[in-house]
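# Secondary and tertiary structure notes
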Amino acid sequence: MKKIIAFMLAVCVLFSLTGCSGTMTSAERFLVAVKKMDFAAMKNELVPDETFDSLYLKLDTKLEEDTVLALRNLYNLVQYSIGEISEEQADEKTVEITLKVPDMKRICDQTKAKVMATANTAENIVGNMIADGSVAKTMMTENTFTVKMKKTDGEWKIPFEDAENKAFAEALVIDDMMNFFMKY
């Protein structure tokens, strides 16, 4: 009887894994890249945009290795789920994304105060907040966004700076966090 139950569980696991092997949407590939702070991969999922290009240039030329590591550790805490995807209409569709991100304003405020009071760097302070679990436990916010997607050169891309995607872009606050670490 135990062998039959074990076999049935193995078959269930096999089928559940097979069901998850679908391809990722552009929105999901973008969020995976955000978690890794992989700007080249992020840029690949976006409609070409001057604003994001300036972020990419800033990352490529101005950020220290410690800053990039701090950003990666912080954004690695991002959690998301992909919800309903609308039908394509005139080369546009929407994707519902529930996004749980660190409360960057709160993290910046606490970090700024600690930088002023100690000789420690923002990267170290944020690293300690991540390591002790305080960010994951008490500094996460969750929102659901309807993200507009646009077919560009035959592929679905995110118009990051589009007015409809403004709240989604603001929730990620990538530029603000890069500037914060550069300043402190």
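Fair warning: this is a prediction, and the values are worked out from it, not measured in the lab.

## As for the pattern of salt bridges
One pass over the full model with this rule turns up eight salt bridges. When the shortest N-O distance is used, the salt bridge between arginine 29 and glutamate 45 registers 3.1 Å. Within this pair, whereas arginine 29 is found in helix H2 (residues 26-36), its partner glutamate 45 is found in the loop between helix H3 (39-44) and helix H4 (50-61), the two being separated by 16 residues in sequence. As a salt-bridge pair, lysine 151 and glutamate 88 come within 3.7 Å of each other at their nearest N and O atoms.

## Some points on the pairing of strand S3 (residues 140-152)
Note that strand S2 (residues 92-102) and S3 share eleven bridges and pair antiparallel. Along S3, the bridge assignment pairs threonine 98 with threonine 144. Bridging between S3 and strand S4 (residues 155-157) involves three bridges; their strand directions are antiparallel. Bridge pairing in S4 places threonine 152 opposite glutamate 155. Taking the residues that link successive antiparallel strands as the turn, the S3-S4 hairpin has two residues, and the phi of aspartate 153 there is positive, at about 55 degrees.

## Observations regarding the packing of helix H6 (residues 104-117) against helix H7 (residues 122-131)
Close contact between H6 and H7 brings their axes to 9 Å; oriented N to C, the two are set at 125 degrees. The orientation of H6 with respect to H7, classified from their angle, is oblique. Here H6 runs over H7; the crossing is right-handed. Between H6 and H7, the residues in contact are Ile107, Gln110, Thr111, Lys114 and Val115 and Ala122, Ile125, Val126 and Met129, respectively.

Reading guide: rules and limits
Residues numbered from 1 in each chain as written. Predicted model: local features only at pLDDT ≥ 70, side-chain atom pairs only at ≥ 80, totals over all residues. Heavy atoms only, no water. Salt bridge = Lys/Arg side-chain N within 4 Å of Asp/Glu carboxyl O. Helix = DSSP H or I, 4+ residues; strand = E, 2+ residues; numbered from the N terminus. Pairing = 2+ DSSP bridges. Axes fitted to C-alpha atoms, helices over the stretch in contact; angles between N-to-C directions. Parallel < 35°, antiparallel > 145°, perpendicular 65-115°, else oblique. Left-handed = near helix turned anticlockwise from the far one by under 90°. Contact = heavy atoms within 4.5 Å.

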